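# Inside the fold
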Amino acid sequence: NKCDIANSSRSMKDKEISAAKGLLYRAGRVLLAKPDVERAEEPEKLAKILGIGEVCASVGEAIESALESAGKNDLVLVTGSLFVVGEAYQHFGIRL
């Protein structure tokens, strides 16, 4: 089984992201997207720092891409800031 990660983990410009590197390398696929927040880091910069990751235009696109490539027994993990989680909730129509 593989794990696709739709990720913007610790992606605010004022956060340290290199600590996530070891965990992300265990994933079958890492997708990076910028939430719709001004202080979010650009996914291209995250990919360069991490040395891993496919850049997506939006959190929703990253989620859809991960879901499309996931197999029956695979896991898709959406992780990152509360802004990413909020956009994921919106994508799935979840209201709190």
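Quick look at the structure, then. As the structure is a computational prediction, the values presented were derived from the model and not from experiment.

## Overview of the side chain of Arg29
Relative to the elements of secondary structure, Arg29 occurs in strand β2 (residues 29–32). A polar contact is formed between the side chain of Arg29 and the side chain of Ser65, at a distance of 2.6 Å.

## Quick word on helix α2 (residues 43–50)
Every buried residue of α2 is accounted for by Pro43, Leu46, Ala47 and Leu50. The arc enclosing the buried residues of α2, seen along the axis, measures out at 100°, which places them on a common side. Looking at the packing, one finds that the buried side of α2 touches α1 (21–24), β2 and β3 (54–55). Of the residues flanking the end of α2, it is Gly51, one or two places downstream, whose phi is positive at about 75°.

## Quick look at the packing of helix α3 (residues 59–69) against helix α4 (residues 82–92)
Running from N to C, α3 and α4 cross one another at 65°; their axes reach a closest spacing of 9 Å. Relative to α4, α3 is oriented roughly perpendicular. Between α3 and α4 lies a crossing whose hand is right-handed. Note on element contacts: α4 touches α3 through Val84, Glu87, Ala88, His91 and Phe92, opposite Val59, Gly60, Ile63, Glu64 and Leu67. In terms of residue class, the contact of α3 with α4 is built from six nonpolar, two polar and two charged.

What counts and what doesn't
Residues numbered from 1 in each chain as written. Predicted model: local features only at pLDDT ≥ 70, side-chain atom pairs only at ≥ 80, totals over all residues. Heavy atoms only, no water. Helix = DSSP H or I, 4+ residues; strand = E, 2+ residues; numbered from the N terminus. Polar contact = N/O pair within 3.5 Å; in protein donor to acceptor, adjacent residues only side chain to side chain. Buried < 20%, exposed > 50% of the residue type's maximum accessible area, 1.4 Å probe, protein only. Arc of directions from axis to C-beta. Contact = heavy atoms within 4.5 Å. Axes fitted to C-alpha atoms, helices over the stretch in contact; angles between N-to-C directions. Parallel < 35°, antiparallel > 145°, perpendicular 65-115°, else oblique. Left-handed = near helix turned anticlockwise from the far one by under 90°. Nonpolar A, V, L, I, M, F, W, Y, C, P; charged D, E, K, R; others polar.

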